[in-house]
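Survey of secondary and tertiary structure
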Amino acid sequence: MPMPSLLRLMSLPFRSGPAATAAPCTGADKLSRAAKVGLAVLALFYLGLGVTTVLRSAFLSSPKTDFQVYARAAWAVRVSEDLYAVTDNNGWHYIYPPPFAILLAPLADPYPFLSHRGYLPFWASAAIWYVISVLCVIYSVHAFASAALPDAIRGSRRWWSARIVPTFFASSGIVLTISRGQVNTVVIALVAAGFAATVRGRRGLGGAWLACAAVLKIIPGMLVLFPLCRRDWRGAIGGIAAAALLLFALPAAVWGVPAAIDANRRTIALVLAPVVSQDADHSRMRELHGANSTHSQSVQAAIHTWMYPDRGSRPDVVAPIAQWAHVLSSAAMLAITLLAARNRLTANPIDQLLFLGCLCALMMLITPISHLHYYAMVLPLVSGLWLRHLSEGGSRRTVAMLTAWGIITAIPAIPEPHFEWLREAGFGTLATIGLWAYALRLMGTSRFKTNHRGTETQKNSEYEN
């Protein structure tokens, strides 16, 4: 979207409260011609990104995205091969729990030297995956906005702003995820589905959707704190049931019970155990666990970089002091978040989204391996802050915080050697910690409380179970 149109959306004198719900969409509330042109430009950008992503996935001598890793594991499921032993054309292994590969079976991609009869052309699978990724972003921002800001008049500038502006602030993580064929936008869509279901009173289903996100990528398992801290036992039970179905019932239906148990055991041995034990299987060190293998954005990686500034001589095994600093800082941030939720969390869906967003931000900070594209998983927090900005009538400080975070996390993503140090030294990590702290400060301070009918009233009570 052209910058003037974006700034116009960001600086509107938005109304809030019951009056905003009843007011018709006047000419002043409708999108301007410039804003409509901006939306068209945005659509063209993602269309062009889709073309280049498919080309980089399927039409180069070696794929430049990660999607073939998933598609090759899906092929292993279809032919009963070991999904953790097969590799893509670059030699990369699958490192996710079994359900993801099982569900991707329709997009499976065999080795080049094998027959492809009965399989989609890989370029078609890559295109479908790209469309799914973009639709997940669209759904996520729509679900967050609909649940937390239900008074926005459909088609108004306020309605569009609630959905478009957060994607600009989080654009670096979103674009990196989609262009690399990664899975983060699907994770966020599942989180959004869980949040939307919870706000609408379908707590069991909300917990189930959050569990689906955890089963997909492991680290969202931390989101179990969302129902637990709110004493939402139906949500917790729904999450347990969904996890059991996906981790055990689904693989057992495909491979049988012993093979399903073994597949989950190998996930733990290959992905989780090497993070906490030097005696574990470190065969994925070059691909995942090595300190120099990825541009990790975790606290641990930043401290390790500052201890060894020269990448050429930096050990691939993280220094113990960096590991302990990571553990202690993670525990402190998590404790602060839970304490803030206990003392300040209200029934206001925006407060609920801020809490969920803080957990998502911590999710990417606490995991020892946190790729640049993980910034996409801060979208719930970005949406929560922006929706609060719209609901409260505008806050320049919130706009400044989100703008600063968006810029600081985007610059390290520029693939130039000059930005190597910014990618590794934790500037984006520090900015994310600042955004998390700012959201905790705002939690529980909203002037309005949204009731079950989707209208806002003056806040008059603390969180109710």
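Residues numbered from 1 in each chain as written. Predicted model: local features only at pLDDT ≥ 70, side-chain atom pairs only at ≥ 80, totals over all residues. Heavy atoms only, no water.

Looking now at the overall build of the protein chain. Within the protein chain, the regular secondary structure consists of 21 helices and two strands. Buried residues in the protein chain amount to 55% of all 465 residues. Sequence separation of 24 or more characterises 72% of the internal contacts of the protein chain that already satisfy a separation of 6 or more. Accessible surface computed for the protein chain: about 19700 Å², of which carbon and sulfur atoms make up 67%. (Helix = DSSP H or I, 4+ residues; strand = E, 2+ residues; numbered from the N terminus. Buried < 20%, exposed > 50% of the residue type's maximum accessible area, 1.4 Å probe, protein only. Contact = heavy atoms within 4.5 Å. Areas by Shrake-Rupley, 256 points an atom, 1.4 Å probe, with all protein chains shown as cover.)

In this section: the pattern of salt bridges. Applying the stated criterion across every chain yields a total of six salt bridges. The salt bridge partner of D109 is R72, with a shortest N-O separation of 2.9 Å. Separated by 37 residues along the polypeptide, D109 in the loop between α5 (98-103) and α6 (122-148) and R72 in helix α4 (residues 67-78) bring together distant segments of the chain. A relative accessible area of 4% places D109 in the buried class. D82 is the partner of R266 in a salt bridge, and the nearest nitrogen-oxygen pair spans 2.2 Å. (Salt bridge = Lys/Arg side-chain N within 4 Å of Asp/Glu carboxyl O.)

Following both chains from N to C, one finds α6 and helix α18 (residues 379-391) inclined at 40°, their axes separated by 10 Å at the closest point. Between α6 and α18, the crossing angle belongs to the class labelled oblique. The way α6 lies across α18 gives a crossing that is right-handed. Of the residues in α18, those touching α6 at S140, V141, F144, A145 and A148 are L379, P380, S383 and L387. For the contact of α6 with α18, the per-class residue count stands at seven nonpolar, two polar and no charged. (Axes fitted to C-alpha atoms, helices over the stretch in contact; angles between N-to-C directions. Parallel < 35°, antiparallel > 145°, perpendicular 65-115°, else oblique. Left-handed = near helix turned anticlockwise from the far one by under 90°. Nonpolar A, V, L, I, M, F, W, Y, C, P; charged D, E, K, R; others polar.)

Attention now goes to a nonpolar patch on the surface. Nonpolar side chains collect at one region of the surface, where L44, L47, V51, L55, F59 and W123 lie side by side and expose about 650 Å² of accessible area between them. A per-element tally of the nonpolar patch places helix α3 (residues 33-58) first, with four residues. Here F59 is to be found in the loop between α3 and α4. (Patch = residues over 30% accessible without salt bridge, like charges linked within 9 Å, V, L, I, M, F, W, Y side chains within 5 Å.)

Turning to helix α19 (residues 396-410), a few remarks are in order. Compared with the 21 Å implied by 1.5 Å per residue over 15 residues, the 21 Å span of α19 between its first and last C-alpha is a close match. Those residues of α19 that fall on the buried side of the exposure criterion are T398, V399, L402, W405, G406 and T409. Along the axis of α19, the buried residues cluster in a sector spanning 135°; they form a single face. Residues of α19 that are exposed and point over 90 degrees away from its buried face: R396 and R397. (Expected span 1.5 Å × (residues − 1). Arc of directions from axis to C-beta.)

Grouped together as the largest cluster of nonpolar side chains are 118 residues, with contacts concentrated most on Y70, Y94, F100, L381 and L385. Not counting the four nearest positions on each side in its chain, F100 is found in contact with Y70, Y94, W129, V183 and L216. (Core = buried A, V, L, I, M, F, W, Y, C linked by side-chain atoms within 4.5 Å.)

Attention shifts here to the packing of aromatic side chains. Inspection of the entire model under this criterion finds 17 aromatic pairs. Between Y70 and Y96, the aromatic rings sit 5.4 Å apart at their centres with planes inclined by 85°, giving edge-to-face as the arrangement. Of the two residues, Y70 is situated in helix α4 and Y96 in the loop between α4 and α5; the sequence distance between them amounts to 26 residues. Across the pair, exposure class does not vary: Y70 and Y96 are buried alike. Ring geometry for W159 versus W160: centroids 5.1 Å apart, planes at 85°, classification edge-to-face. Taking relative accessible area as the criterion, W159 reaches 12% and is therefore assigned buried. The partly exposed category is assigned to W160, whose relative accessible area is 27%. Taken together, the ring pairs in this structure connect F67, Y70, Y84, Y94, Y96, F100, F122 and W129 into an aromatic cluster. One Lys or Arg, R72, reaches over the ring of Y111 and ends 4.5 Å from the middle of that ring. Against the face of F226 rests R230, its NZ or CZ located 4.7 Å from the ring centre. (Phe/Tyr/Trp six-rings, centres within 6.5 Å; stacked < 30°, edge-to-face > 60°. Lys NZ or Arg CZ within 6 Å of the ring centre and 35° of its normal.)

Spatial relationships are all this shows, so hold off on functional conclusions.
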